[in-house]
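Overview (structure and organization)
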Amino acid sequence: YIETNVPEFLQADMEDGSHKTYAGEPEGLNVLYLNKGDKDGDGIPEWENATAQAGFNTNYTSSGGTIADIDRDGDLDLYISNFIDPDFWGFGMESFGGNRNTLWINQLTETGNFSFIEAAEKWGVSGLVEQEKLDASLPLPNGELLEHPNKANYKGKTVGENAAHTWASLFVDYNEDGYPDLIVANDIPNRLRIYKNEAGKSFSQIEGFDSHKRIGCWMGIAYGDLNGDNKEEFMVANCGANAFSVRNTSLFLANKDELNTQSVCQLNALTDKATLHNAMFAVEGEKVTEISNQINVEFNEYTAPDICNKNNVHPIAYDLYDRMKYGNTITALEFSWNPSFFDIDNDGDLDIYTVGALNRGNDNFIGDFSGGVGRLLVNNSTPERYDFVDRTFEYRLFDIALMNYESDPPKRPSPGTGWHKEDFVHFTDRDSYSGVGFEVSKVSEIKDIFRMHESANSHIAADLNGDGRMDIIVPHGGGYSSVSPDARNLKIDFMGKALAIPPPNKVVKAPTTFEEGATFVYINKDDKPNNWVKIQLENSGQANVFGIGAKVRINEQTERDVLIGGQTMSTTHEPLHIGLGEDALRTVEVYWPDGDRDPQVFTFPEPIKNKTVVLNRGTTQMVMK
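Residues numbered from 1 in each chain as written. Predicted model: local features only at pLDDT ≥ 70, side-chain atom pairs only at ≥ 80, totals over all residues. Heavy atoms only, no water.

**Observations regarding helix α5 (residues 261-269)**
Applicable threshold: Each residue is placed in one exposure class: buried if its accessible area under a 1.4 Å probe, protein chains only, is under 20% of its type's maximum, exposed if it is over 50%, and partly exposed if it falls in between. A helix here means a DSSP run of H or I that spans at least four residues, while a strand means a run of E at least two residues long, and both kinds are numbered starting from the N terminus.
When you tally the buried positions in α5, you get eight out of nine residues, the bulk of the element. Every buried residue of α5 is accounted for by Thr261, Gln262, Ser263, Val264, Cys265, Gln266, Asn268 and Ala269.

**Let's talk about the pattern of salt bridges**
Here is the rule we go by: A carboxyl oxygen of Asp or Glu within 4 Å of a side-chain nitrogen of Lys or Arg is what we treat as a salt bridge.
Overall, the coordinates contain 31 salt bridges when judged by the stated rule. Measuring nitrogen to oxygen at the nearest pair gives 3.5 Å for the salt bridge that ties aspartate 306 to lysine 447. Highlighted residues: aspartate 306 in the loop between β21 (295-298) and α6 (318-324) and lysine 447 in the loop between α7 (438-441) and β29 (460-462), separated in sequence by 141 residues. Several salt bridges converge on common partners, so that one network encompasses Glu176, Glu232, Lys551, Arg553, Glu559 and Asp561.

**Some thoughts on unusual backbone geometry**
Residue proline 189 follows isoleucine 188 across a cis peptide bond; omega there is 5°. Within the secondary structure, proline 189 is located in the loop between β14 (181-186) and β15 (193-197). Residue aspartate 408 is joined to proline 409 through a cis peptide bond whose omega torsion reads 0°. With respect to the element layout, proline 409 can be found in the loop between β26 (386-390) and β27 (411-413).

**Some points on the sheet that holds β14**
The criterion, for reference: Any two strands between which DSSP finds at least two bridges are classified as paired. For helices, the fitted axis covers only the stretch in contact; all axes are lines through C-alpha atoms, and the angles between them, taken along N-to-C directions, range from 0 to 180 degrees.
If you walk across this open sheet you meet the four strands as β13-β14-β15-β16, and the pairing is antiparallel. This sheet does not close on itself; its edge strands, each paired only once, are β13 (166-172) and β16 (203-205). Between one strand and the next, the sheet's axes are offset by a mean angle of 25°, whatever the strand orientation. Across three bridges, the pairing between β15 and β16 is antiparallel. From the neighbouring strand, asparagine 197 faces β16, where its bridge partner is phenylalanine 203.

**Some remarks on the state of the cysteines**
The following threshold applies: Cysteine sulfurs are considered disulfide-paired once they come within 2.5 Å of each other.
All chains considered together, the criterion is met by one disulfide. The thiol of cysteine 265 is unpaired, and the distance to the nearest cysteine sulfur, on cysteine 217, comes to 6.9 Å.

**Considering the packing of aromatic side chains**
Selection criterion: Stacked, edge-to-face and tilted labels apply to pairs of Phe, Tyr and Trp rings (six-membered ring for Trp) whose centres lie within 6.5 Å, assigned for plane angles under 30 degrees, over 60, and everything in between, in that order.
In total, this model carries 21 aromatic pairs according to the counting rule given. Their ring planes at 20° and their centres at 6.4 Å tell us that phenylalanine 171 and phenylalanine 203 sit as a pair that is stacked. Of this pair, phenylalanine 171 sits in strand β13 while phenylalanine 203 sits in strand β16; the two residues are 32 residues apart in sequence, bridging distant segments of the chain. The pair phenylalanine 171 / phenylalanine 203 is uniform in exposure class, with both members buried. Ring centres of tyrosine 223 and phenylalanine 234 lie 6.4 Å apart, and the angle between their planes is 15°; this geometry places the pair in the stacked category. Of this pair, tyrosine 223 sits in strand β17 (residues 221-224) while phenylalanine 234 is found in strand β18 (residues 233-236), placing the two residues eleven residues apart along the sequence. For the pair tyrosine 223 and phenylalanine 234, a shared accessibility class is recorded, and that class is buried.

Note that every value here comes from positions in space, so none of it alone points to a role or purpose.
What follows is the structure in structure tokens.
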């Protein structure tokens, strides 16, 4: 945000003389490294910085990206999601500027040289509001519209750009016409947008995603077939239903004269003028439909999200609670940066994992919006019905440090400060930590253990130890909001006395001593004797050597897509991991991403299981590892 009343000795001249705008410090240049292989035999590849050669020359706060051959010329193109200039952070303001997204078209096929041309405006996906004639308006409580919430000025001069604030993006051929389309997840006050690829020449927005209902805190994207009907779904992370908790909503309603983009969107969501729950969409041909309240989830009463209990919902949101089925569907999930679809138990279907928070549980600085404990939803769906079971506890995946799952009831040590005198926080403890007064908490029932979460900012799912089971890496941010038993009040020396710094307002806890963010590595110990296979594509002699954008069908039934992107602040490219249950691999059909709609069929003389299979397009060779 911009603080205008800072002392003179902290002020600096941020005026850009050439553009007559205010800008913060230049953001880091995105860097492209080429993998040169393990030249010295030490088991670690060498890398070459090819940023200048590629032509990357933009300085934005980039948060994600996605890769595909969007013009089907044989080489891979790159789309970069850019957020805002953090020197002008604006969630507490009426409006704040964004930054354009960038689309880098690979020139390898055309010129033989490894270089890119930036063409986001030409293709219609820059996110620049006026250039692309986007409706970026934000409804206000008084019935008026704020036409340009992304246009910001400081002392009469432009800050940032009149553009969206994008967290994540994903190239995927949702309509199966042979050209990768684009899903773009923008944060409030902007919309989730889907762009159709117009035969490799440009993109156009699809209908329905320019409406106010698609305004949200949209973040990471996951894509795949969840119910085995060979029609994909995609999930987009959001602030979560906790936005409508008694505590959170009471804070906003008590300050109606201080409305900003965050609180306006919360109020708008009550009347379908915004969406704040984690959302699921079904894809069928050209049609994309939200099905969030059809994704049934069986929650355990001891570990369910707080919002599942209607007593924890502010009465103003009761109608929304009932319509969207917050009690027993995916809409109940908490804040998440990213969802992932992968098969954690190798039974053949895709399960769902989400995790993320803006901060540790000791510091919900914008209320319950910002907290997420992580969730693993195990898939029991059929083509007729979506059914999941919350198995976060059984897989020990709550994003809470020092958890003792063996205890009855499970517990963890209490924080060293900002807590009562109990030594432990138990799963059965309620309401000790809310601290919001009788009127707010007299009917609510908040689980104390969920205020002990860490600050996860991304995750990666991959088979880390090569045993055929998917593992998870979760990095965390640090800060002055420790929930460690070693945490203490942050103090300053004031005239020779050590004084604890008080909380800045009634929402934020008093700052603690600083604690770094740890990285959690979860090794999958599922002992079900299910089979699996990994499939790696090779398109030898082509620029798209790994077949990015291909669709694979296993045993004439299970479909998976080879995609890169979708996540915020993380991504990975691994061989496709396919759970087989008690079955084995017999056939693979590969729909290569060059527009040929006839699949290449690989048939195995003997059923394959628990191996990696390399499928080479040019030689039709099948190599088992």
